[in-house]
Amino acid sequence: MDRQLQIRILVEGGIAALASVISLVSLSKGLRSWFENGSADLPFLLCCAALVVNYVFSQRFVARLLDTAVTSITAARRDLLARATLGPWSSIQERQRERSFEHCQRLLEQIGVLLPGLSIAANMLILTVVAYAYFWTVSVSGALLILLGIMVLASRHVHHMAVARRYLRQAEIAAERNAGGVAEILRGSIEIRLGKARRDTMLTSVDGAIADWDTLRRAHGGNVAELFSWINVFLVILSALVVFIFPRLGIVSAAELPTLTMVLLFLIRPLAKFLNTVPDIVAAEDAARRIAEIRAALPSPEFRPMPSTDADMPFETITLAGVEYSYTNARDSRGFSVGPVDLTIRAGEVVGIFGRNGSGKSTVLKMIPLLVRPERGEVLLDGLPVGSESLEAYRNLFCGVFQDDHVFSALPQGGGFDRDLFYDMLDFLDIAHLVQVEADGRLDYTLSRGQRRRLALAIAVAEGRRIMILDEWTADQDQSYRQRFRGEILWRLRSHGLTVILVSHDEHAADLCDHTLFLSKGRMQAAPVTLSEVA
Ligand SMILES: Nc1ncnc2c1ncn2[C@@H]1O[C@H](COP(=O)(O)OP(=O)(O)OP(=O)(O)O)[C@@H](O)[C@H]1O
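Structural notes, computed from the coordinates. Since we're looking at a predicted model, the values are computed, not measured.

Whether parallel or antiparallel, the strands of a sheet pair through hydrogen bonds between backbone atoms. Spatially, 6-9-10-3-11-12 is the arrangement adopted by the six strands of the open sheet, whose pairing is mixed. Two strands bound the open sheet, and with one partner strand each, they are strand 6 (398–401) and strand 12 (523–525). Neighbour to neighbour, the strand axes of the sheet diverge by 25 degrees on average, direction disregarded. In this sheet, strand 10 (residues 499–503) lies alongside strand 9 (residues 467–471) in parallel orientation, the contact comprising five bridges. When the bridges of strand 10 are listed, Asp471 appears paired with Val503.

Here it is as structure tokens:
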């Protein structure tokens with residue numbers, strides 16, 4: 001929030017609160033002079049004018065505060081979206097596993113729900129401060145005594161809020177464990193239903209998190225209830241002090257008592273409202289702190305998106321020059337290293353990457369479109385390194401079907417997507433009768449895993465890019481389709497002018513490639529006579 005806005009909010013809140021107090025004081029004065037002299041036009045007029053000012057400014061104050069908070073939440077949501085779409089792929093994968101994005105969205109939602117109450121509480125706080133300031137004009141000693149009481153209450157508040165913060169934080173961790181466990185149960189819903197031991201283990205773990213959340217939230221409820229009791233007792237003592245004790249001690253005069261009683265009654269309402277909102281303020285403050293922490297740990301966008309990118313950018317070669325990448329592994333101090341790898345991909349070629357499970361094929365494949373950034377070596381496009389300014393255009397050369405592929409619920413709009421070619425590909429891949437495309441591009445289908453990968457291939461082809469990446473596309477296909485892939489499908493991809501980079505365990509696929517790369521334990525290996533010889 002910029003300083004000018006802060007000042008504006010404070011001034012508007014201050015004017016609203018001052019107008020409230022003026023309206024009350026003038027009403028009290030007006031009533032007194034009406035009873036005593038039978039006329040009180042001026043105070044009543046003042047009261048009405050102050051009420052109008054109060055109406056206008058408190059509305060402005062709350063609306064501006066809400067507006068500012070909503071603007072910050074919207075900015076945070078857009079920032080998360082930018083990081084999710086433009087952040088480095090490998091870090092996003094990592095964060096998604098930690099469910100940071102989901103968590104942030106939930107916290108933002110939580111703040112959104114608390115916002116109206118918080119804005120009104122802020123208005124109440126200013127009102128309380130102004131009403132209290134009025135006390136000083138009537139009785140300094142009375143105001144000092146009230147200050148003493150407020151300080152005692154504030155110390156209880158600080159204590160209870162520290163406890164509340166601790167409970168809320170621990171409850172949030174338990175809720176996260178619960179959500180993570182339920183998500184895992186849903187992902188493994190088949191295995192859970194087939195194995196009692198597995199189900200019992202998961203249930204014990206998730207139920208433990210539920211029990212922890214239950215205990216912590218109950219403790220939080222007890223703590224908040226105790227604080228509310230303190231607030232109630234304080235407000236009763238405060239009223240008794242001002243109305244009964246102060247006049248007897250001569251701290252306020254009998255003439256001032258009606259005005260003070262009115263201001264007091266008026267002060268108690270916003271004070272109670274504000275104090276009761278404090279747990280929500282703590283919860284919102286805690287959520288905002290967690291959001292700030294999560295956002296600081298989330299990777300920033302890798303590049304500035306371009307207004308438009310040439311979907312058909314020509315290229316001649318892509319070269320991996322001595323690229324290397326290492327995974328650190330908490331359980332294995334050696335981790336896993338891939339490279340150095342040298343590979344040149346020429347436009348129009350079919351390039352195959354082969355090797356056993358865990359030999360680093362997918363890692364090399366992801367280094368080609370720079371989804372995984374090599375720690376050493378370079379990726380060159382037509383002999384030139386790909387800088388962050390050309391990263392988006394470079395990545396736009398690629399489409400593909402990856403091992404953990406995702407078929408979006410709707411077809412891409414624009415960007416060179418060829419609907420006719422898509423329908424043609426559905427037909428070519430024998431799934432046209434199983435896929436329905438709605439008028440708005442949404443896809444409606446029920447497909448087996450192998451068929452879903454055919455749909456992913458149809459979409460990728462229709463996207464009209466220059467390079468197709470296929471990571472073990474045939475792994476889920478039946479024998480006849482594997483054969484078809486080696487013949488017809490690969491031929492069809494070539495006929496569309498596509499450069500194909502494929503990872504495969506299929507012995508026969510190597511024969512169809514113009515260029516091959518064999519990997520063993522992350523290192524390049526000379527071409528073996530048969531694939532089973534790859535070490
Ligand atoms: N995100 C990661 N963090 C840590 N290690 C990883 C990660 N991804 C892969 N690895 C490790 O890197 C090695 C190579 O993985 P990669 O997926 O590149 O192999 P692959 O040859 O494609 O295997 P497969 O044929 O089974 O798909 C594996 O041993 C794996 O443990």
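On we go from here.
This part is about the environment of Glu349. Structurally, Glu349 can be placed in the loop between strand 2 (336–346) and strand 3 (350–355). Owing to a relative accessible area of 12%, Glu349 belongs among the buried residues under this scheme. Here the alpha-carbon distance between Glu349 and Arg494, two residues 145 residues apart in the chain, equals 8.1 Å. The residues contacting Glu349, other than those within four sequence positions of it, are Thr344, Leu498, Thr499, Val500, Asp514 and His515.

Turning our attention to empty space enclosed by the protein. Per the stated rule, a full pass over the model turns up one cavity of 30 Å³ or more. Approximately 50 Å³ is the volume attributed to the largest cavity. If you go around the largest cavity, the residues you meet are Leu470, Trp473, Thr474, Phe485, Leu502, Val503, Ser504, Asp506 and Ala509.

Criteria and thresholds
Residues numbered from 1 in each chain as written. Predicted model: local features only at pLDDT ≥ 70, side-chain atom pairs only at ≥ 80, totals over all residues. Heavy atoms only, no water. Pairing = 2+ DSSP bridges. Helix = DSSP H or I, 4+ residues; strand = E, 2+ residues; numbered from the N terminus. Axes fitted to C-alpha atoms, helices over the stretch in contact; angles between N-to-C directions. Buried < 20%, exposed > 50% of the residue type's maximum accessible area, 1.4 Å probe, protein only. Contact = heavy atoms within 4.5 Å. 1 Å grid on protein atoms, 1.4 Å probe; cavity = no way out; pocket = protein on both sides within 12 Å on 5 of 7 lines; lining within 4 Å. Points joined across faces, edges and corners; volume = space filled by probe spheres on them.

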